[in-house]
Amino acid sequence: MLENNLFLTDNPESKAEYRRIIGDTVSAVVEAFDSPKAYEGPEPFRLKKLVEMEQLLPDHGLGWEKVLDNLKTAVLPNFLRTSSRDYMAHLHSPGTIESIAGELILSTFNQSMDSWDQSPVATEIEVQVVKCLCKMFGYGENSDGVFTSGGSQSNFSGITLARDWYCSANLNHDIQKKGLPSCSSKFRIYTSEISHFSVEKTAHLLGLGYDSVVKVPVNEKQQMDFDSLERLVKKDAASGNLPVCVVCTFGTTDFGSIDPVEKIRTLCDEYKMYLHGDAAYGSGVILSEKYREKLAGIELCDSITVDFHKMFLLPISCSAVLVKDKKNLDFFTIRADYLNREEDEEDGYTNLVDKSIQTTRRFDALKVWISFQMRGKDGWSEIITKSMENARYFYGLLREQPDFEVVTEPEISSVVFRFVPEGKSDGEEADAVNKKIRRSLIHEKGIVIGQTVCRGRVQLKFTLLNPLLSRENLEEMMGVIRALGKSF
Ligand SMILES: *Cc1c(COP(=O)(O)O)cnc(C)c1O
């Protein structure tokens, strides 16, 4: 019994079982997409009750049919449908169909990317995908990279390399072995005041603390203000602090704004600083024929965070960190006799664990491999360009409305704005209205949009990753927001 329903093997009965369970699942998932709405589940309290199981681990197994039933009643109908045109809250995309097939393949074979003997063909494919990505982002032959669990981990990797490189190149200090040098409390990491919080989290995890992160003000367009950066670095250097690195954002989480990388690079060279580029959001722009120039200069970064589970529309998780000088990845190498022997490398066996902060690791590169080939440059350019044009259209539309305010022109595909009802002050009263609008959209209309704060005021946010969205959809959505806003 156990033998034939546990795994997919060469046994015909196990194959039948695999087809049955996966087939049932495909049907149930397809059926769950029975409405165009993004969310039709209940509010938090009722949802909590609904998913409560008498016994999550019963004394005797319930069998597949019963569990499938439970899935169909409690779980599947209450999922957020990320592919809905009514979902635009976060940098959180639906997964393309072919990449979901990729997920099935990679989970079925369950390769682990740490050593070649756990993932022979997968290792060679990841190496090939990384090579293609390095080239795409303008890196030379000497570059390399590795897949990670997401942008936060890619940033963590990049900033760790920055710290280690700085210690090795500028302080002649072996940080891998000796830990932080005595002067580490003087280390400074510069990033814009609206960059992703994973920069500060990384500073904490690296033993440098939040105080080592210098928040550089942004200009009207929400880009790092270069003159302020220069002033802050100069001041720190003069007072004995140690400028270690700059984290430059290509696509800030809220606004999609892009920092001025060329000037930042010159400053980094002058002060012997490392430059990490956080393109978790903006990396997808590279595929747009029309807009790729927005990423000009990204190759000047010493490392780059690329997220595939945002603009690239691949299922979570899928991210990579690319490194301009592959030697820097040696900071992540530590030998284990059972895993990554030096002689393996000499004999042509690649053990990717040498470059990664993870050990057991998913074969996410497969999804990029499948999706890039299937859709090609033209297919991808259409997808990315469409989402960016939608943002431009919506921005223009809002600008014409007397009762809407927009923060800034979209650089990529997000628009941050607020509804300012006539006769209400533009202060806390309007803040409260905008908060109510977002909540009502979820629970009354099945529409999920974003909310943030800018210039001290509550803002609404459209993160337009879905290329299926039309101009009419956006006009309609604006109407719904206005009607709700007026009703409070
Ligand atoms: C989303 C995001 C991150 C974090 O990426 P995860 O994949 O969510 O870990 C980092 N930086 C920026 C600019 C982001 O938008």
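Use the structure listed above.
Residues numbered from 1 in each chain as written. Predicted model: local features only at pLDDT ≥ 70, side-chain atom pairs only at ≥ 80, totals over all residues. Heavy atoms only, no water.

**Q** Would you mind going over the site of the ligand with me for this structure?
**A** Taken together, 13 residues lie around the ligand, and Gly-151, Ser-152, Asp-278, His-309 and Lys-310 are the ones closest in. Asp-307 is positioned with one of its side-chain polar atoms (N or O) 2.7 Å from an oxygen atom of the ligand. Side-chain polar atom of His-309 to an oxygen atom of the ligand: 2.7 Å apart, as the coordinates give it. Its free accessible area being 380 Å², the ligand has 85% of it covered by the protein chains. Ranked by the residues each element gives to the shell around the ligand, the list is headed by helix H7 (residues 151-171), at 3 residues. (Near = heavy atom within 4 Å. Polar contact = N/O pair within 3.5 Å; in protein donor to acceptor, adjacent residues only side chain to side chain. Areas by Shrake-Rupley, 256 points an atom, 1.4 Å probe, with all protein chains shown as cover. Helix = DSSP H or I, 4+ residues; strand = E, 2+ residues; numbered from the N terminus.)

**Q** When you look at the pattern of salt bridges in this model, what are you seeing that I'm missing?
**A** Note that side chains of opposite charge can pair when their charged atoms are close. Within this structure, the stated rule accounts for 28 salt bridges. Residue Lys-290 pairs with Glu-389 through a salt bridge whose shortest N-O separation is 3.0 Å. You can see Lys-290 sitting in the loop between strand S6 (274-279) and strand S7 (303-307) and its partner Glu-389 sitting in helix H13 (residues 365-399), a full 99 residues away along the chain. Taking the relative accessible area as the measure of exposure, Glu-389 reaches 28% and is therefore partly exposed. When salt bridges that share partners are traced, they join Glu-103, Arg-362, Asp-364 and Lys-367 into one network. (Salt bridge = Lys/Arg side-chain N within 4 Å of Asp/Glu carboxyl O. Buried < 20%, exposed > 50% of the residue type's maximum accessible area, 1.4 Å probe, protein only.)

**Q** How should the sheet that holds strand S9 (residues 404-406) be read in this particular structure?
**A** Sheet strands pair by backbone hydrogen bonding; their relative direction is either parallel or antiparallel. Reading across from one edge, S1-S11-S12-S10-S9 is the order of the 5 strands in this open sheet, with mixed pairing throughout. Edge positions in the open sheet fall to strand S1 (87-88) and S9, since each of these has one partner strand only. Bridging between strand S11 (residues 448-454) and strand S12 (residues 457-463) involves 5 bridges; their strand directions are antiparallel. By the bridge assignment, Cys-454 is partnered in S12 with Arg-457. Where H13 meets the sheet, it contacts S9, strand S10 (414-419) and S12, and its direction lies at approximately 20° from that of S10. (Pairing = 2+ DSSP bridges. Contact = heavy atoms within 4.5 Å. Axes fitted to C-alpha atoms, helices over the stretch in contact; angles between N-to-C directions.)

**Q** Help me understand the sheet that holds S7 in this model?
**A** Read across the open sheet, the 7 strands follow the order S2-S8-S7-S6-S5-S3-S4; overall the sheet is mixed. The sheet is open, and its two borders are formed by strand S2 (144-148) and strand S4 (213-216), each paired with just one other strand. Across the sheet, the mean angle from the axis of one strand to that of its neighbour is 20°, orientation sign disregarded. Here S7 pairs with strand S8 (residues 319-323) via 5 bridges, running antiparallel. Across the sheet, the residue bridging to Thr-305 is Val-321, located in S8. Contacts from helix H6 (residues 120-136) reach S2 and S8 within the one sheet, and its direction differs from that of S2 by about 115°. Each of strand S3 (187-192), S4 and strand S5 (242-249) is contacted by helix H9 (residues 198-205), which is oriented at about 165° to S4, the strand it contacts most.

**Q** Before we go on, may I ask you to explain the packing of H7 against H9 in this structure?
**A** Each pair of packed helices can be summarised by the angle the axes make with each other and by the distance between the axes. Where H7 meets H9, the axes come as close as 9 Å, and the angle between the chain directions of the two elements is 50°. As summarised for this structure, H7 and H9 are arranged oblique, according to the angle between their axes. The way H7 lies across H9 gives a crossing that is right-handed. Residues Ser-152, Asn-155, Phe-156 and Ile-159 of H7 lie in contact with H9, whose contacting residues are Ser-198, Val-199, Thr-202 and Leu-205. Residue composition of the contact of H7 with H9, grouped by class: 4 nonpolar, 4 polar and no charged. (Parallel < 35°, antiparallel > 145°, perpendicular 65-115°, else oblique. Left-handed = near helix turned anticlockwise from the far one by under 90°. Nonpolar A, V, L, I, M, F, W, Y, C, P; charged D, E, K, R; others polar.)

**Q** I would appreciate a short explanation of the packing of aromatic side chains in the present structure.
**A** To describe a pair of aromatic rings, you give the distance between the ring centres and the angle between the ring planes. Under the criterion given, the structure shown has 12 aromatic pairs. Look at Phe-417 and Phe-462: their rings are 5.2 Å apart centre to centre, the planes differ by 90°, and that puts the pair in the edge-to-face class. Of this pair, Phe-417 sits in strand S10 while Phe-462 sits in strand S12, placing them 45 residues apart in sequence. Taken together, the ring pairs connect Phe-147, Phe-308, Phe-312, Phe-372 and Trp-380 into an aromatic cluster. A cation over an aromatic ring shows up here: Arg-392 above the ring of Tyr-291, its NZ or CZ 4.6 Å from the ring centre. (Phe/Tyr/Trp six-rings, centres within 6.5 Å; stacked < 30°, edge-to-face > 60°. Lys NZ or Arg CZ within 6 Å of the ring centre and 35° of its normal.)

**Q** When you look at the nonpolar core in this model, what are you seeing that I'm missing?
**A** The tendency in soluble globular proteins is for nonpolar side chains to be buried side by side. Grouped together as the largest cluster of nonpolar side chains are 62 residues, with contacts concentrated most on Phe-147, Leu-229, Phe-308 and Leu-322. With 9 residues, the single largest contributor to this core is H13. Contact partners of Phe-308, with chain neighbours within four places excluded, come to Leu-133, Phe-147, Leu-313, Leu-314, Cys-318, Ser-319, Ala-320, Val-368 and Phe-372. Counting residues in each nonpolar core, the second largest holds 25 residues, with Met-88, Ile-447, Leu-464 and Ile-481 among its members. (Core = buried A, V, L, I, M, F, W, Y, C linked by side-chain atoms within 4.5 Å.)

**Q** So what exactly am I meant to see when it comes to the packing of helix H2 (residues 12-32) against helix H4 (residues 64-75) here?
**A** Axis separation between H2 and H4 bottoms out at 11 Å; the angle between their running directions is 20°. On the basis of the axis angle, H2 is roughly parallel to H4. In the crossing of H2 with H4, the sense of the turn from one axis to the other is right-handed. Here H2 contributes Arg-20, Ile-21, Asp-24, Thr-25 and Ala-28 to the contact with H4, which in turn contributes Trp-64, Glu-65, Leu-68 and Lys-72. Looking at side-chain class alone, the contact of H2 with H4 contains 4 nonpolar, 1 polar and 4 charged residues.

**Q** Quick question: what am I supposed to make of the environment of Phe-363 here?
**A** As for its placement among the helices and strands, Phe-363 is situated in the loop between helix H12 (342-346) and H13. The class of Phe-363 is buried, set by a relative accessible area of 7%. The sequence separation of Phe-363 and His-60 amounts to 303 residues, and the corresponding C-alpha distance is 34 Å. Each residue touching Phe-363, except ones within four places of it in the same chain, is listed here: Leu-106, Met-113, Ala-122, Ile-125 and Glu-126.

**Q** Please explain a nonpolar patch on the surface as it appears in this structure.
**A** Where nonpolar side chains cluster on the molecular surface, the patch consists of Leu-62, Val-67 and Leu-71 and spans about 220 Å² of accessible area. For Val-67, the location among the structural elements is in helix H4. Val-67 gets classed as partly exposed once you look at its relative accessible area, which sits at 35%. (Patch = residues over 30% accessible without salt bridge, like charges linked within 9 Å, V, L, I, M, F, W, Y side chains within 5 Å.)

**Q** Is there a simple way to think about H2 in this case?
**A** Quick reminder: α-helices carry 3.6 residues per turn. Residues three or four places apart thus point the same way. For H2, which comprises 21 residues, the first-to-last C-alpha distance of 30 Å matches the rise-based estimate of 30 Å (1.5 Å per residue) to within 8%. For H2, the N-terminal capping position is held by Asn-11, with its side-chain oxygen 2.6 Å away from the main-chain nitrogen of Glu-13. (Expected span 1.5 Å × (residues − 1).)

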